[in-house]
Amino acid sequence: MKAGIIGYGKMGREIERILLERGHSAPLVFDVNNLHELIPENLKKCDVVIEFTTPDAAVKNYLACFEVGVPVVSGTTGWLHHRDLVMEKCREKGGTFFHATNFSIGVNLFFELNRKLAEIMSGHPGYSLSMKEVHHTQKLDAPSGTAITLAEDLITMIPEKLSWRNDLNTRSEEIGILSERIENVPGIHTINWESEVDTIQITHISKSRKGMALGAVMAAEYCLEHKGILTMKEMLNI
Ligand SMILES: NC(=O)c1ccc[n+]([C@@H]2O[C@H](COP(=O)([O-])OP(=O)(O)OC[C@H]3O[C@@H](n4cnc5c(N)ncnc54)[C@H](O)[C@@H]3O)[C@@H](O)[C@H]2O)c1
């Protein structure tokens with residue numbers, strides 16, 4: 001597989017390493033210093049593009065890939081307020097788009113655990129729900145995309161919860177999310193169910209970026225065999 005990489009930062013570099021380790025090539029790497037090379041002729045040379053940039057840059061890059069019909073693995077977070085536009089353009093162009101707020105296999109199992117625990121807890125109104133996420137200080141968005149996915153899943157599972165807020169000071173229909181930024185933390189997410197007498201917590205701790213980068217490369221491989229709007233749930237058969 002010939003993969004193009006858009007965004008040669010912490011994730012882009014780790015993804016390149018894993019692509020080569022799995023016998024793929026990454027002949028085209030785009031970042032802010034060579035944006036003039038990010039043109040249709042070059043995008044067309046890729047079997048798939050893996051995009052980990054910034055919330056401001058991501059949408060434009062996805063639309064450029066749809067225009068030339070190259071499948072996109074989207075890892076950037078913080079752009080989901082444009083989700084409808086991106087999905088519509090993807091469908092219109094018959095494109096392939098695989099986004100995950102977190103490509104780590106473990107996190108996607110954790111998403112499932114979160115839904116299962118929510119199902120159990122929804123019968124126990126004595127517990128109040130909150131969430132905490134911790135990431136490195138260079139992270140641009142808060143709460144993390146992963147925390148938003150966890151919160152959106154909780155909202156679908158618990159009828160009393162209608163929205164989330166990036167603050168622990170919430171109304172009863174909101175899920176409070178506390179975001180902390182600490183040097184060198186790849187990502188920690190904790191779901192907290194607390195009653196007057198005890199606390200039930202589940203936590204996922206990323207030890208490095210490797211798990212997320214590996215999942216993104218597996219998603220790129222999946223894009224060669226599948227078309228349309230693809231998800232981790234589908235790829236992992238959860
Ligand atoms: N989905 C996941 O599993 C996952 C995992 C980790 C990080 N992320 C997200 O991925 C994104 C990147 O994370 P990172 O840790 O690699 O960040 P980073 O800051 O280390 O790298 C981002 C890179 O994108 C480049 N860039 C900025 N604008 C660009 C543009 N218009 N075109 C091309 N390149 C551009 C920057 O110069 C930088 O090199 C963030 O949104 C982060 O939240 C997602």
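My aim in this report is to walk through the structure given alongside it, one point at a time. Being a predicted model, the structure only gives us computed values, none of them experimental.

Brief notes about the environment of Phe 103
Next, step 1: Structurally, Phe 103 is set in the loop between strand E5 (97-99) and helix H5 (105-121).
Next, step 2: Taking the relative accessible area as the measure of exposure, Phe 103 reaches 2% and is therefore buried.
Next, step 3: Between the C-alpha atoms of Phe 103 and Leu 140, which are 37 residues apart in sequence, the distance is 18 Å.
Next, step 4: Filtering out sequence-adjacent residues up to four positions away, Phe 103 remains in contact with Phe 52, Val 73, Ser 74, Gly 75, Phe 98, Asn 108, Gly 211, Met 212, Gly 215, Ala 216, Ala 219 and Met 232.

Some thoughts on the sheet that holds strand E9 (residues 188-194)
Next, step 1: With mixed pairing, 5 strands are arranged side by side in an open sheet as E7-E8-E6-E9-E10. Whereas interior strands pair on both sides, the edge strands pair on one side only; in this sheet they are strand E7 (163-165) and strand E10 (199-205). Sheet twist, expressed as the average angle between the axes of neighbouring strands with direction ignored, equals 20°.
Next, step 2: The pairing of E9 with E10 spans 7 bridges and is classified as antiparallel. For Thr 190, the partnering residue across the bridge sits in E10 and is Thr 203.
Next, step 3: Across the sheet, H5 is in contact with E9 and E10; its angle to E10 comes to roughly 165°.

Re the nonpolar core
Next, step 1: If you look at the biggest cluster of nonpolar residues, it comprises 26 residues, and the most contacted ones within it are Ile 15, Leu 19, Ile 50, Val 73, Phe 98 and Phe 103.
Next, step 2: Secondary structure elements with two or more residues in this core: strand E1 (2-6), helix H1 (10-21), strand E3 (48-51), helix H7 (210-225) and helix H8 (232-236).

Considering the sheet that holds E3
Next, step 1: Spatially, E2-E1-E3-E4-E5-E11 is the arrangement adopted by the 6 strands of the open sheet, whose pairing is parallel. In this open sheet, the two edge strands, each paired with only one partner strand, are strand E2 (25-30) and strand E11 (229-230).
Next, step 2: Pairing of E1 with E2 involves 4 bridges; the strand directions are parallel. Following the sheet pairing, Ile 6 is matched in E2 by Phe 30.

Quick look at the site of the ligand
Next, step 1: Taken together, 24 residues form the shell around the ligand, and within it Lys 10, Asp 31, Thr 77, Phe 103 and Lys 139 come nearest.
Next, step 2: For the ligand, an oxygen atom lies 3.5 Å from a polar atom in the backbone of Gly 9.
Next, step 3: In the model, an oxygen atom of the ligand is placed 2.5 Å from a nitrogen or oxygen of the Asp 31 side chain.
Next, step 4: Out of a free accessible area of 860 Å², the ligand has 81% covered by protein chains.
Next, step 5: Class assignment of the residues belonging to the shell around the ligand gives a composition of 11 nonpolar, 9 polar and 4 charged.

Points about the layout of surface pockets
Next, step 1: Of the voids in this model, the largest pocket is the one considered here, and its volume is about 1000 Å³.
Next, step 2: In this structure, the largest pocket is lined by 47 residues; those nearest its centre are Met 11, Phe 52, Thr 53, Thr 54 and Thr 76.
Next, step 3: Counting only elements with at least two residues in the lining of the largest pocket, the list comes to H1, E2, helix H3 (55-68) and helix H6 (145-157).
Next, step 4: Among the elements that take part in the lining of the largest pocket, H3 stands out by supplying 6 residues, more than any other.
Next, step 5: Class assignment for the residues of the lining of the largest pocket results in 18 nonpolar, 21 polar and 8 charged.
Next, step 6: Here the second largest pocket defines a volume of roughly 490 Å³.
Next, step 7: In terms of lining, the second largest pocket is formed by 22 residues, of which the most central are His 99, Ala 100, Thr 101, Thr 149 and Thr 231.
Next, step 8: Elements supplying a minimum of two residues to the lining of the second largest pocket: helix H4 (83-92), E5, H5, H6, E11 and H8.

About the criteria used
- Residues numbered from 1 in each chain as written.
- Predicted model: local features only at pLDDT ≥ 70, side-chain atom pairs only at ≥ 80, totals over all residues.
- Heavy atoms only, no water.
- Helix = DSSP H or I, 4+ residues; strand = E, 2+ residues; numbered from the N terminus.
- Buried < 20%, exposed > 50% of the residue type's maximum accessible area, 1.4 Å probe, protein only.
- Contact = heavy atoms within 4.5 Å.
- Pairing = 2+ DSSP bridges.
- Axes fitted to C-alpha atoms, helices over the stretch in contact; angles between N-to-C directions.
- Core = buried A, V, L, I, M, F, W, Y, C linked by side-chain atoms within 4.5 Å.
- Near = heavy atom within 4 Å.
- Polar contact = N/O pair within 3.5 Å; in protein donor to acceptor, adjacent residues only side chain to side chain.
- Areas by Shrake-Rupley, 256 points an atom, 1.4 Å probe, with all protein chains shown as cover.
- Nonpolar A, V, L, I, M, F, W, Y, C, P; charged D, E, K, R; others polar.
- 1 Å grid on protein atoms, 1.4 Å probe; cavity = no way out; pocket = protein on both sides within 12 Å on 5 of 7 lines; lining within 4 Å.
- Points joined across faces, edges and corners; volume = space filled by probe spheres on them.

In short, shape yes, function no, at least from these values alone.
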